[in-house]
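# Close look at the chain arrangement
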Amino acid sequence: MENVYTIPVSDTQTSAYVSSALYQALQQEASKLDKQFVRALQNSERYPQDEQFRIDVLIIDKERVQLKEKQETVAHELTLLEQAFGRIAYTQNYLQRAAAYFKSGDYSSARLVLEMEVERAEKEQVAYTPQARKEQAEQWLMLARLTLVDFSLGDRVQRAQAYFTQSLLTFRFLENTLSCARLLHTQHQYSQALPLYDEALKLAWSLAKTDEATYMPETAQILAYIGHLHKALHQYTEAESYFQEALEIYQELTATEMYTAQMAHLLDLLGYVQKMTHQYPAAEASYLQALALYTQLEETAPKAYLPEMASLLNHRGLLQKHHKQYKEAEQAFQRALQIRLHLAKESPYTWLSDVAQTWNHLGNTQKALRQYKEASTAYQKALEVYRQLAEEDKSAYLHHIAQTLCHLGSLQSDYHQHAEAERSYLQALSIYHQLQQEHPQKYISQVASILNNLGIIRKDTGRHQEAEQSYQQSLALYQQLALENPKTYLPDVGLLFNNLGSLQLDYEKLSEAEQSYEQSLAVYKQLAVENNQVYQPYVAMVCVNMCIMYRNHIPSREKSLFYVKECIQAAQPFLGKLPAIQNYYKTVLTVIQSWNIDPELFLRGL
């Protein structure tokens, strides 16, 4: 789970809210839930076969997590409110009443007083001078914060957002601009949040000119927020720029544990966006710097940054896997898994999904290392966790179960365990069909991929009719997808036609095979026009299949040699570079010889 750091409030601030009825009630509820969680955990360990106990653990822990979020909201907003009530001028009686209610812990009454008076003042347009308007904007901001901590309001977030907006309309300053941007960001309203972040950044830069100590850290934090927003929108180049700028500011500040943690987190994020923009050496350098900082932090706070360390190890493992550094990736994923398993004991609802994800990454890496037993175990562990999570929330985790079943099916297929692979794929297919009942247009590509894989298994086990049916179903789906997104799905259409042609040739459906190969070749030639380096080898592949077809199944010297020439021309630029191309080249030489032609003379004539 990714951590987005928030701007810390002063450590020296004495917080009276901790003795308030609201905070004490939350603390008591937390204590009660903790005891329930321990009991449920003990029951699940004592009776591991009883799934209801496992569900109880997740449900109670979910309540604990949600309550913790409430407590964090209360602590953050009330600390800022204490500061606000401490600095405003009590020029109006209603402000004194609101402050009295606030100090007594009656936040709902404080909210009602402010709500009535600031709305009345706005209607009467009482404030005319800039200073008066700013004071009124401060009051709207305080009202927004009081609304956020009033959990009895079903629409508290919407109301607070309206009050933040009203504060901005009244008078704009750094605190209300940034607070509104943060709320919009957390509600995933990115297009509205971004211009407010930009405005807050300008204000922070301006204030930092006269007070660096206060506003440079805040400037760095705003830059990080903007980077997070761009990352969420997959705008990785923009995210990199903001993360880098924030990092440079922190590097100039006096080193503290908090700033070191901020730098480590930013370096992890920087590595991620650099990987996504194919800057692999830069990403590795960022990850190594982050790793060094977290290792440094571990010396004084061994457990404080375990979630961040696990995230970093997971990201670095993915980078190493991409570079085929499978042993190193395996070690990174195993370390990340060890940490996440430890964290999941304390909060399974928070961390079990990350545990399952890491098992999947580990399985994929061990599959690449040809460690069948280990990879199979990793996938089974991931399935076990995802199924446990799905018992509490099917809609969130069924897709992950299906995806993991596909990983397992691919592994089993690689090791010719056809029955097991088919069973895994069919289970995944059943889940995707179940999910499509609510979302008919989702998961089409996943269903198409599974059907193609089932076609391959059924072909390999001699069930030609079933295989052709699977291929045809997969092809229809990929053709449907290619109409809207040809760049992504036309290659799959080309591959399906090729697979279909190969199958039809195997059981002498010659005219159909001929048509399938021709359509496959047409697709790959179309794709090669725009991306010759990627798709020309596929042109060579289909041409090899066609020259063999016209030699052995539909004898035609002219057509067979025509596709021999096509294959050689397509393969020529890749000789010595791709092993598959070497095999195609050897095959066409054999075909040439089978027509009683000297290959050397034939090649010379091209």
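Residues numbered from 1 in each chain as written. Predicted model: local features only at pLDDT ≥ 70, side-chain atom pairs only at ≥ 80, totals over all residues. Heavy atoms only, no water.

### Some thoughts on the overall build of the protein
A count of helical and extended segments in the protein gives 26 helices and zero strands. Oriented by its inertia axes, the alpha-carbon framework of the protein measures out at about 105 × 60 × 50 Å. Taken across its 606 residues, the protein has 50% of its residues classed as buried. Of the contacts formed within the protein by residues at least 6 apart in sequence, a portion of 59% connects residues at least 24 apart. Surface summary for the protein: the accessible area is close to 29,900 Å², and the carbon and sulfur share equals 50%. Taking the average location of the 55 positive side-chain charges in the protein and that of its 69 negative ones, the two points are 3 Å from each other. (Helix = DSSP H or I, 4+ residues; strand = E, 2+ residues; numbered from the N terminus. Buried < 20%, exposed > 50% of the residue type's maximum accessible area, 1.4 Å probe, protein only. Contact = heavy atoms within 4.5 Å. Areas by Shrake-Rupley, 256 points an atom, 1.4 Å probe, with all protein chains shown as cover. Lys, Arg positive; Asp, Glu negative; His and termini not counted. Charge placed at Lys NZ, Arg CZ, Asp CG, Glu CD.)

### What to know about helix α2 (residues 51–87)
Across its 37 residues, α2 extends 55 Å between first and last C-alpha, which sits within 8% of the 54 Å expected from 1.5 Å per residue. Of the residues flanking the start of α2, the one acting as N-cap is Asp50, its side-chain oxygen 3.0 Å from the backbone nitrogen of Gln52. (Expected span 1.5 Å × (residues − 1). Polar contact = N/O pair within 3.5 Å; in protein donor to acceptor, adjacent residues only side chain to side chain.)

### Observations regarding the confidence of the model for the protein
Chain-level pLDDT for the protein is 93 on average; 97% of the residues reach the 70-or-more range. Note on residues 1–14: pLDDT is under 50 here. Beyond four places in sequence and across chains, it has 37 contacts. (pLDDT = per-residue confidence, 0-100.)

### Overview of unusual backbone geometry
For His188, which is not glycine, the phi torsion reads 65° and is therefore positive. Among the structural elements, His188 can be located in the loop between α7 (174–186) and α8 (190–208). The backbone of Tyr443 sits at a positive phi, close to 70°, despite the residue not being glycine. Among the structural elements, Tyr443 can be located in the loop between α18 (418–436) and α19 (444–460).

### A word on the packing of helix α10 (residues 236–252) against helix α11 (residues 257–276)
Direction vectors running N to C along α10 and α11 enclose 155°, while the axes themselves pass 9 Å from each other. Classed by the angle they form, the pair α10 and α11 counts as roughly antiparallel. In the crossing of α10 with α11, the sense of the turn from one axis to the other is left-handed. Contacts from Tyr236, Ala239, Glu240, Phe243, Gln244, Ala246, Leu247, Tyr250 and Gln251 in α10 reach Tyr259, Gln262, Met263, Leu266, Leu267, Leu269, Leu270, Tyr272, Val273, Gln274 and Met276 in α11. (Axes fitted to C-alpha atoms, helices over the stretch in contact; angles between N-to-C directions. Parallel < 35°, antiparallel > 145°, perpendicular 65-115°, else oblique. Left-handed = near helix turned anticlockwise from the far one by under 90°.)

### Regarding the pattern of salt bridges
Evaluation of the coordinates by the stated rule reveals 26 salt bridges. Here Glu466 and Arg458 are joined by a salt bridge, their closest N and O atoms 3.9 Å apart. Taking relative accessible area as the criterion, Arg458 reaches 12% and is therefore assigned buried. A salt bridge links Glu566 to Lys525, with the nearest nitrogen and oxygen atoms 2.7 Å apart. With Glu566 in helix α24 (residues 557–571) and Lys525 in helix α22 (residues 510–530), this residue pair connects regions lying 41 residues apart in the sequence. When its relative accessible area of 17% is taken as the criterion, Glu566 is described as buried. Through salt bridges with shared partners, a single ionic network connects Glu77, Arg87, Glu138, Arg145 and Glu175. (Salt bridge = Lys/Arg side-chain N within 4 Å of Asp/Glu carboxyl O.)

### Focus: the packing of aromatic side chains
Scanning the entire structure with this criterion turns up 16 aromatic pairs. With centroids separated by 5.3 Å and ring planes inclined at 55°, the aromatic side chains of Phe102 and Tyr107 adopt a geometry described as tilted. Both residues of the pair, Phe102 and Tyr107, count as buried. Ring geometry for Tyr197 versus Tyr225: centroids 5.9 Å apart, planes at 25°, classification stacked. Residue Tyr197 is located in helix α8, and its partner Tyr225 is located in helix α9 (residues 212–232); the two are separated by 28 residues in the primary sequence. Of the two residues, Tyr197 and Tyr225, neither departs from the other in class, the shared state being buried. Among the aromatic residues, those joined into a cluster by ring pairs are Phe85, Phe102 and Tyr107. Looking at Arg182, its charged tip hangs above the ring of Tyr225, at a distance of 3.9 Å from the centre. Against the face of Trp595 rests Arg551, its NZ or CZ located 4.2 Å from the ring centre. (Phe/Tyr/Trp six-rings, centres within 6.5 Å; stacked < 30°, edge-to-face > 60°. Lys NZ or Arg CZ within 6 Å of the ring centre and 35° of its normal.)

### Concerning the packing of helix α17 (residues 394–414) against α18
At a minimum axis distance of 8 Å, the contact between α17 and α18 shows a crossing angle of 160°. With respect to α18, the element α17 is oriented roughly antiparallel. In this structure, the crossing between α17 and α18 has a hand that is left-handed. Mapping the contact onto sequence places Leu398, His399, Ile401, Ala402, Gln403, Leu405, Cys406, Leu408, Gly409, Ser410, Gln412 and Ser413 in α17 and Glu420, Ala421, Ser424, Tyr425, Gln427, Ala428, Ile431, Tyr432, Gln434 and Leu435 in α18. Taken together, the residues of the contact of α17 with α18 break down into twelve nonpolar, nine polar and one charged. (Nonpolar A, V, L, I, M, F, W, Y, C, P; charged D, E, K, R; others polar.)

### Overview of the side chain of Glu468
With respect to the secondary-structure elements, Glu468 resides in helix α20 (residues 464–484). Side-chain polar atoms of Glu468 contact the side chain of Gln504, separated by 3.2 Å. The residues contacting Glu468, other than those within four sequence positions of it, are Leu500, Leu503, Gln504, Tyr507 and Lys509.

### Focus on helix α21 (residues 486–506)
Taking 1.5 Å of rise per residue, 21 residues should cover 30 Å, and α21 covers 29 Å from first to last C-alpha, within 8% of that figure. Two residues or fewer past α21, Glu508 is found with a positive phi of approximately 60°.

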